Amino acid sequence: MKKIHNYILLAVFCLAFTQCKRYLDTSSPANTDDDFVTSTTSETFKTLSWCYANYRQNCANALYSWNDPIGSDAEMYPEQTSTNNLNAIMQADAMPVDAMAGPFNSLYSTLARAAKVAAIIAKKPAYQADVAAGKTTDWTQLYGEAMTIKAFCYFNLVRHFGDVPYGYENTYVEDYSLSSRFDIYDQLIESLKAVAPLMYTLGEGGITAERFSKTFAEALIGKMALYAGGYQTIRTDVKDLYGSVQFSTKGKDAHGCIYARRTDYLGYYKTAEEYLQKAIDDKGSAYLITSDERTYADNPFQRHFQYMNDLQVSPESLFEVGNIQGGQSGQTTTSEYPYAFGRPSAGGGSNAAPNKVFGAVRAVPVFYYNSYQKGDKRRDASITVTGSTGDGNEAILAFVPGSKLDGGIALNKWDDNRMNPPYTAAQRQSGINFPVMRMADVILMLAEVKSALNESSAAVALVNQIRERAFGNANHNLGALSGAALNDSIWQERKLEFFGEGIRRQDLIRSGEFSERAIAVRNEMTAMIDDLRANGYHKFADGKVISNYIWVKKVTLANPLTYDAPDMTDPALFPGWRGQYDWSTTSVSGKVKGTEHNLAIEGLFSFINPNSALAVSLEADGYTKVNWGIDLVNNQSSYDRNILSGIKTAQDPPRYFFPIPFETISKSNGKITNGYGLAQQ
C-alpha cells in the first residue's frame, strides 16, 4: 500500500497563521511561533503538510480540474447545457467573475504558507550549515519542498488566470498590480534552479511521489520553461505589461488579446532540454513502466493506472496528490478524480456495485475511431464504450447527452471495478490518488524540445520509447523524421498517451495550432454525422466504421473483469479492459442482479445493415439492436456546443483563462482588470 504521510490526514492544519486581505488571501506571519515550527524536521513537515492538503482539497479539482481534461480536440464534457464547461468550450466570457474565486484564493494561501515555511527554515543555523557544506539533508529537502510548492501554485495561477499579482505573500497588501507572466516564470525557474540540487531524488530520504522531490522540481523547471517559450494568448489591452519582450503572433487581435510566442523562445527550450534531461538522470526510484509482471495481463501502459486503482503510488509518477480511503469525520479526503473522471457508473452514492461515477471526460467520437492504430494497447485501457449499472452489471454507454451511462464513450484509466477490493461505502472516498506528472510526460516533453532544437534523431528515439511500450514491440517505431512532420508526430503521441489527463488542452495551446485544430475536429464531426444521417454509417481512413446501430447481448464469463482482447472476433472480450468486478464476493452482494453480467457487442467497428440476414441472425441469437451513431445525429447541436464552440475561425485567439475574482479587481485601485473579454464584476 502507498505510504500515507501526515498531510493526507490534515484537511486543515493552521498553527496560528492568520490571513490578511482576502482579495489576495495571502497569509501573515503574525503570531507564528517560528522556533516551534522548526524545532524538528517532523514539526516543520506538519506545517508544510497543510499546503499539500489545501492544494488537494481546495485547488486541484477546481471545476473539473480547471476544465483541462474536458476541452480539446480529443476530450469533451458530456452534459448538454451545463455551465461547468464554459471554459472548456472557449466561452469563458460567459462565466461570472467569481466563478473561480475559491481556487484562486486557495492557491495564494497555499503558496503564502509555503513561502513562510521556507523563510523560517532559511534562518535556521542547521539549514545554513548544510547548505554551506553542500549536503542534502532533511532541512534542505524541506526548504526545497516549500519553494517547489510555491512555484507549483504560481504555475497553476499563471496557466489558468494569465498575468496575476506576484510577490505579495506574507505582507499586508494595500497596493498591488499585475505582474507579467514571463517575469513570474523567470523568477520561479531561477528559484527552483537554486533549490533543486539540495533536494532528495525520488526514493531518497523517505520521499515518495506524494511529495515534491528533486526529480519533480527539475521536471517542473523544464515544464515551466516550455510554457514560457510556447504559444499562449497574451493581453494587448494593458500597456507595457510585458516590458521589452518581443512576440511573433498568429491570427487576429480580438477582445484585447492575441495568440503569440516570444521571439526568443529557443532560449527557454534550451533550459527545458537541460532540466528535463536532469529529471530523467535524477529519476531516483521513478521509471517508465515497460514490463508487466501480472500473469493475467500484459499491458505496461495500464499497469501505471492500476497502481493507483490498487491504492499504491505508481513508480512512473513524479508526483501524485495523495488521498486516503474513507476516514473519520474531518479527516476524509476528497477522492474527486476517479469520481469525476472514472469509468461511468449509474450506482447510488453509497453501497452500490459500484457507486456512482459521474464521468466528466468523454472522448470526441472521431478521436476514438480515427486515432489509435491497430495493436496500440493504450486505446482500450484509456477509453471505454461500456460502464456499470450499479447492480453488478455492464451496460453500453449512450451518445445521448448526460452523465453516468449517458454522455458518450468515456475515460477508462480509473475504474472502481479495478480496485481490489472495490470501495463501496461512499462515492468520492475511494482513496485513489490524483495524478500530476509521470515519466512518460517528461520523456515526450524532452522529445518536443529536441525536435524544436533540430536534434531530430534524439527526439525520434525518445518517442519510440513510448511507442514500444504502447505496442509491445518496435514494429510501430517512427522512422527518420524532422521538422513539422516530427513535431506533428510528437503532438499526436502525446494526444494518444495522455487522453483524459488534462494535458492535451495545454499542449494544443502551446503548439500554436489550437484554433486550426479546433476547426478541424469540428469539421470532422460534421462530416461523420452527415454520413451517419445520410447512409447509416461513416467509414474512417483506416477502415473502421461507426454505424447508427450496434447489437448487444448479456453473457456470462468465467472472469467477468476483462483485460486485453487478443481475439478481436470475440464480442464479449473485444474491446478489452471492461466487464465487471465479481460484486457477489463483496459486502454489497445483495445489490447484484442477474447472473449474466457482461456485455457482448457486435457492429462497433463495422456496418451491419439493420435489414440484413446478419442482423436477423444476431437478434435470433439473443442480441438487441441499440442506438449508437444515430444518437449523435439526433443530438448534433449538443456536440456542436461541447466541442470548442467558442472558436469560430482559425484566426480566433483561444481564450482559455478564468476571470480574476472581483474583490482582487475592486481593491486594486484600478490597476487590475480582467482581459480576454472576461467579466469585470
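Residues numbered from 1 in each chain as written. Predicted model: local features only at pLDDT ≥ 70, side-chain atom pairs only at ≥ 80, totals over all residues. Heavy atoms only, no water.

Visitor: It is not clear to me how the overall build of the protein should be interpreted in this structure. Could you clarify?
Guide: Helix and strand content of the protein: 23 helices and 18 strands. Against the compact-globule benchmark of 26 Å for 681 residues, the protein has a radius of gyration of 25 Å, which places it among compact chains. Principal-axis analysis of the C-alpha atoms places the extent of the protein at approximately 80 × 55 × 50 Å. Put simply, the protein has 681 residues, and 63% of those count as buried. (Helix = DSSP H or I, 4+ residues; strand = E, 2+ residues; numbered from the N terminus. Rg over C-alpha atoms; globule rule 2.2 N^0.38 Å. Buried < 20%, exposed > 50% of the residue type's maximum accessible area, 1.4 Å probe, protein only.)

Visitor: Can you walk me through the pattern of salt bridges in this structure?
Guide: Any two side chains of opposite charge can pair, so long as their charged atoms come close to each other. Tallied over the full model, the rule gives 46 salt bridges. Ionic pairing is found between Asp380 and Arg379, a salt bridge with its closest N-O pair at 2.9 Å. Assessed through its relative accessible area of 10%, Asp380 is described here as buried. For Arg379, a relative accessible area of 11% translates into the label buried. (Salt bridge = Lys/Arg side-chain N within 4 Å of Asp/Glu carboxyl O.)

Visitor: Looking at this structure, how should I read the packing of aromatic side chains?
Guide: Aromatic rings in a pair are described by how distant their centres are and how their planes are angled relative to each other. Across all of its chains, the model carries 48 aromatic pairs by this definition. Measuring from centroid to centroid gives 5.6 Å for Tyr369 and Phe540, while their planes differ by 15°, and the two rings are stacked. Of this pair, Tyr369 sits in helix H13 (residues 365-370) while Phe540 sits in the loop between strand S14 (537-539) and strand S15 (545-547), placing them 171 residues apart in sequence. When sorted by exposure, Tyr369 lands in the same class as Phe540, which is buried. Among the aromatic residues, those joined into a ring-pair cluster are Tyr64, Tyr77, Phe301, Phe305, Tyr337, Phe341, Phe358, Trp414 and Phe434. Residue placement shows Arg113 over the ring face of Trp50; its charged tip is 4.1 Å from the ring centre. Above the face of the Tyr265 ring, Arg261 is positioned so that its terminal group lies 3.5 Å from the ring centre. (Phe/Tyr/Trp six-rings, centres within 6.5 Å; stacked < 30°, edge-to-face > 60°. Lys NZ or Arg CZ within 6 Å of the ring centre and 35° of its normal.)

Visitor: What is the right way to look at the sheet that holds strand S17 (residues 598-602) in this model?
Guide: Pairing is antiparallel across the open sheet formed by 3 strands, whose spatial order is S17-S16-S18. Both outer strands of the open sheet, S17 and strand S18 (624-627), are each paired with one neighbouring strand and no more. Strand-to-strand, the axes of this sheet are offset by a mean angle of 40°, without reference to chain direction. (Pairing = 2+ DSSP bridges. Axes fitted to C-alpha atoms, helices over the stretch in contact; angles between N-to-C directions.)

Visitor: Looking at this structure, I do not really get the environment of Ala99. What am I missing?
Guide: Inspection of the secondary structure puts Ala99 in the loop between strand S3 (75-76) and helix H5 (101-122). Judged by relative accessible area, Ala99 falls into the partly exposed class, the value being 32%. Sequence separation between Ala99 and Ile396 is 297 residues; the distance between their C-alpha atoms is 34 Å.

Visitor: What is the right way to look at the nonpolar core in this model?
Guide: In summary, soluble globular proteins display a tendency toward joint burial of nonpolar side chains. Leu157, Phe161, Tyr368, Val442, Phe499, Met528 and Trp628 are the most contacted members of the largest nonpolar core, which has 189 residues in total. The dominant element in this core, judged by the number of residues it contributes, is helix H7 (residues 138-161), at 14 residues. Not counting chain neighbours up to four residues away, the residues in contact with Met528 comprise Pro365, Val366, His538, Phe540, Ile546 and Leu632. (Core = buried A, V, L, I, M, F, W, Y, C linked by side-chain atoms within 4.5 Å. Contact = heavy atoms within 4.5 Å.)

Visitor: Can you walk me through the sheet that holds strand S4 (residues 232-235) in this structure?
Guide: Think of a sheet as strands paired side by side through backbone hydrogen bonds, with each pair either parallel or antiparallel. The strand order S4-S6-S5 describes an open sheet built from 3 strands, whose pairing is antiparallel. At either margin of the open sheet sits one strand with a lone partner, and together these are S4 and strand S5 (247-254). Each neighbouring strand pair of the sheet contributes to a mean axis angle of 35°, computed without reference to strand direction. Sitting on the sheet, helix H8 (residues 181-195) touches S4, S5 and strand S6 (257-262), and the angle it makes with S4 is about 120°.

Visitor: Whenever I open this one, helix H17 (residues 483-497) confuses me. Can you help?
Guide: Counting along an α-helix, one turn takes 3.6 residues, and residues three or four places apart therefore face a common direction. With 15 residues, H17 extends 21 Å from end C-alpha to end C-alpha; this agrees with the ideal 21 Å at 1.5 Å per step. For H17, the full list of buried residues reads Leu486, Ser489, Ile490, Trp491, Glu493, Arg494, Lys495, Leu496 and Glu497. (Expected span 1.5 Å × (residues − 1).)

Visitor: Mind showing me how you'd approach the confidence of the model for the protein here?
Guide: Caution applies to low-pLDDT regions: their predicted coordinates should not be interpreted in detail. For the protein, per-residue confidence averages 94 on the pLDDT scale, and residues scoring 70 or more make up 95% of the total. Low confidence marks residues 1-23, where pLDDT is under 50. Its contacts with residues over four positions away, or in another chain, come to 90 contacts. Note that pLDDT drops below 50 for residues 25-32; the model gives that stretch 33 contacts with residues more than four away or on any other chain. (pLDDT = per-residue confidence, 0-100.)

Visitor: Mind showing me how you'd approach the packing of H7 against helix H9 (residues 214-229) here?
Guide: When two helices pack together, you describe them by how their axes are tilted relative to each other and by the distance separating the axes. Direction vectors running N to C along H7 and H9 enclose 25°, while the axes themselves pass 11 Å from each other. Relative to H9, H7 is oriented roughly parallel. Between H7 and H9 the crossing geometry is left-handed. Each of Thr148, Ala151, Phe152, Phe155 and Arg159 in H7 lies in contact with H9, whose residues at this interface are Phe216, Ala217, Leu220, Lys223, Met224 and Tyr227. When grouped by side-chain class, the residues that make up the contact of H7 with H9 number 8 nonpolar, 1 polar and 2 charged. (Parallel < 35°, antiparallel > 145°, perpendicular 65-115°, else oblique. Left-handed = near helix turned anticlockwise from the far one by under 90°. Nonpolar A, V, L, I, M, F, W, Y, C, P; charged D, E, K, R; others polar.)

Visitor: What exactly am I supposed to notice about the environment of Ala461 here?
Guide: In this structure, Ala461 sits in helix H16 (residues 456-471). Residue classification places Ala461 among the partly exposed positions, given a relative accessible area of 42%.

Visitor: It is not clear to me how unusual backbone geometry should be interpreted in this structure. Could you clarify?
Guide: The phi torsion of most residues other than glycine is negative, and most of the peptide bonds are trans. In this chain, Ala353 is followed by Pro354 through a cis amide linkage whose omega measures 0°. Position of Pro354 relative to the elements: it lies in the loop between helix H12 (336-341) and strand S8 (362-363). Here the bond from Asn420 into Pro421 is cis, since omega is 0°, no more than 30 degrees from zero. Looking at the element boundaries, Pro421 is found in the loop between strand S12 (410-411) and strand S13 (434-438). If you check the backbone angles, Leu63 has positive phi at about 40° while not being a glycine. Summarising the element assignment, Leu63 is placed in helix H4 (residues 63-66).

Visitor: Honestly, the pairing of S6 in this entry has me stumped. Any pointers?
Guide: Residues in a regular strand point their side chains to alternate faces of the sheet. The element S6 is extensively covered by neighbouring structure, given that 6 of its 6 residues are classed as buried. Neither face of S6 is exposed, since Cys257, Tyr259 and Arg261 on one face and Ile258, Ala260 and Arg262 on the opposite face are all buried. In this structure, S4 lies alongside S6, joined through 4 bridges in antiparallel fashion. Bridging from a neighbouring strand, Ile234 pairs with Ile258 of S6. Pairing of S5 with S6, which is carried by 5 bridges, proceeds in the antiparallel orientation. Counted as the bridge partner of Ala254 is Cys257 from S6. Between the antiparallel neighbours S5 and S6 lie 2 residues, among them His255 with a positive phi of about 60°.

Visitor: Honestly, H9 in this entry has me stumped. Any pointers?
Guide: For H9, which comprises 16 residues, the first-to-last C-alpha distance of 23 Å matches the rise-based estimate of 22 Å (1.5 Å per residue) to within 8%. Within H9, 16 of the 16 residues are buried, which leaves the element mostly enclosed by the surrounding structure.

Visitor: Quick question: what am I supposed to make of the packing of helix H3 (residues 41-60) against H7 here?
Guide: At a minimum axis separation of 11 Å, H3 and H7 run at an interaxial angle of 15°. As summarised for this structure, H3 and H7 are arranged roughly parallel, according to the angle between their axes. Note that H3 runs across H7; the crossing there is left-handed. The segment H3 lies against H7, with Thr41, Thr44, Phe45, Leu48, Cys51, Tyr52 and Tyr55 engaging Asp138, Trp139, Leu142, Glu145, Ala146, Ile149, Phe152 and Asn156. Across the contact of H3 with H7, the residue classes break down as 10 nonpolar, 3 polar and 2 charged.

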